[in-house]
Amino acid sequence: MSPPVFIFVGHSNSGKTTLIERLIPELARRGIRVATIKHAHHKVQLDTEGKDSWRYKNAGAALSMLVTTNALQLVADADEKREPVQLAMRFLGEADIVLAEGFSHAPGPKIEVLRRGLGKPPRCEIGDGLIAIATDCPEVYPELPHFTLDDHEALANFLLQYTVRA
C-alpha cells in the first residue's frame, strides 16, 4: 500500500521548497514519517562517476543502492513510472505521507503556493486536482481552503484530515 501523496505546485521562487521544509518538522513532531519527491526539469548527476555504485549502474543494474552508517542513496532506472503516486508505490512504502514538489501536470491532490509578489497567475486550476492554496492572495480560488505561507500547523492539520477522508 502506498502512502498518501500531496503535490506542491507553483511558479519558480514561489516558496514551495521553503513551505515543505517547514511542514516536515511539523508533521514529524506528530510522529508522521515524511518522504519527499522533488521534480527537476534539468539533468542532474545522481551518482559520482567511477565510484562503485556508479559502476554497477553503468554495468546494467536496474537499481543501485549505496548504504552508509547513517543514510542510503538509491539510484534507479527512471522508466515510465515517473508520477509521484507511482514513485511512492515503488520506493517509499515506509513513509506515512509523501510531499512532492513540482509535477504540475501529474494527477493527484495539489496544493498551490502562490505569492502576490511574483505577479503571476496560479499555475493550476481546480480541475487539475487543486485542493488548497498557500498564498497571500485571498481572492484567488476563494472556494478552496486557504493557508498563509507560514501557517504550517494548520496546513499539517488539513493534510492529515484529508488523508482520513480520502
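Above this text you will find the structure in question.
Residues numbered from 1 in each chain as written. Predicted model: local features only at pLDDT ≥ 70, side-chain atom pairs only at ≥ 80, totals over all residues. Heavy atoms only, no water.

A. Highlighting the sheet that holds strand β8 (residues 146-147). With parallel pairing, the six strands of this open sheet are ordered in space as β2-β5-β1-β6-β7-β8. Both edges of this open sheet fall to β2 (34-38) and β8, since each of them pairs with a single strand only. Two elements, strand β6 (residues 110-114) and strand β7 (residues 130-135), share five bridges in a ladder whose sense is parallel. If you follow E112 over to β7, its bridge partner there is I133. The sheet strands contacting helix α4 (residues 152-165) are β1 (5-9), β5 (97-101), β6, β7 and β8, and the helix crosses β1 at an angle near 140 degrees. (Pairing = 2+ DSSP bridges. Helix = DSSP H or I, 4+ residues; strand = E, 2+ residues; numbered from the N terminus. Contact = heavy atoms within 4.5 Å. Axes fitted to C-alpha atoms, helices over the stretch in contact; angles between N-to-C directions.)

B. Region of interest: a nonpolar patch on the surface. On the surface, a cluster of nonpolar side chains totalling about 540 Å² of accessible area is made up of L63, M65, V67, L72, L74 and F91. Elements supplying a minimum of two residues to the nonpolar patch: β3 (63-67) and β4 (72-76). Tallying contributions element by element places β3 first for the nonpolar patch, with three residues. Note on placement: L63 falls in strand β3. Residue L63 is classed as partly exposed on the basis of its relative accessible area of 45%. (Patch = residues over 30% accessible without salt bridge, like charges linked within 9 Å, V, L, I, M, F, W, Y side chains within 5 Å. Areas by Shrake-Rupley, 256 points an atom, 1.4 Å probe, with all protein chains shown as cover. Salt bridge = Lys/Arg side-chain N within 4 Å of Asp/Glu carboxyl O. Buried < 20%, exposed > 50% of the residue type's maximum accessible area, 1.4 Å probe, protein only.)

C. Focus on the state of the cysteines. Using the criterion set out here, one finds zero disulfides in the structure. Not engaged in a disulfide, the cysteine C124 finds its nearest cysteine sulfur in C137; these two sulfurs lie 15 Å apart. A relative accessible area of 5% means that C137 is categorised as buried. (Disulfide = S-S within 2.5 Å.)

D. Here's a closer look at the nonpolar core. In terms of nonpolar packing, the biggest core is built from 20 residues, with I7, V98 and F103 touching the most fellow members. Put simply, the parts of the chain that give this core at least two residues each are β1, β2, α3 (84-91), β5 and β7. Among the elements that line this core, the one with the most residues is β1, at three residues. What V98 contacts, discounting residues up to four positions off in sequence, is P3, P4, V5, F6, A35, I37, A88 and L92. (Core = buried A, V, L, I, M, F, W, Y, C linked by side-chain atoms within 4.5 Å.)

E. Looking closely at the side chain of K16. On the secondary structure map, K16 appears in helix α1 (residues 16-29). This buried residue, K16, is left without a salt bridge; E101 holds the nearest opposite charge, at 4.3 Å. Within polar-contact distance, the side chain of K16 engages the backbone oxygen of H11 at 3.1 Å. Residues within four places of K16 in sequence aside, it is in contact with F8, V9, G10, H11, E101 and V113. (Lys, Arg positive; Asp, Glu negative; His and termini not counted. Polar contact = N/O pair within 3.5 Å; in protein donor to acceptor, adjacent residues only side chain to side chain.)

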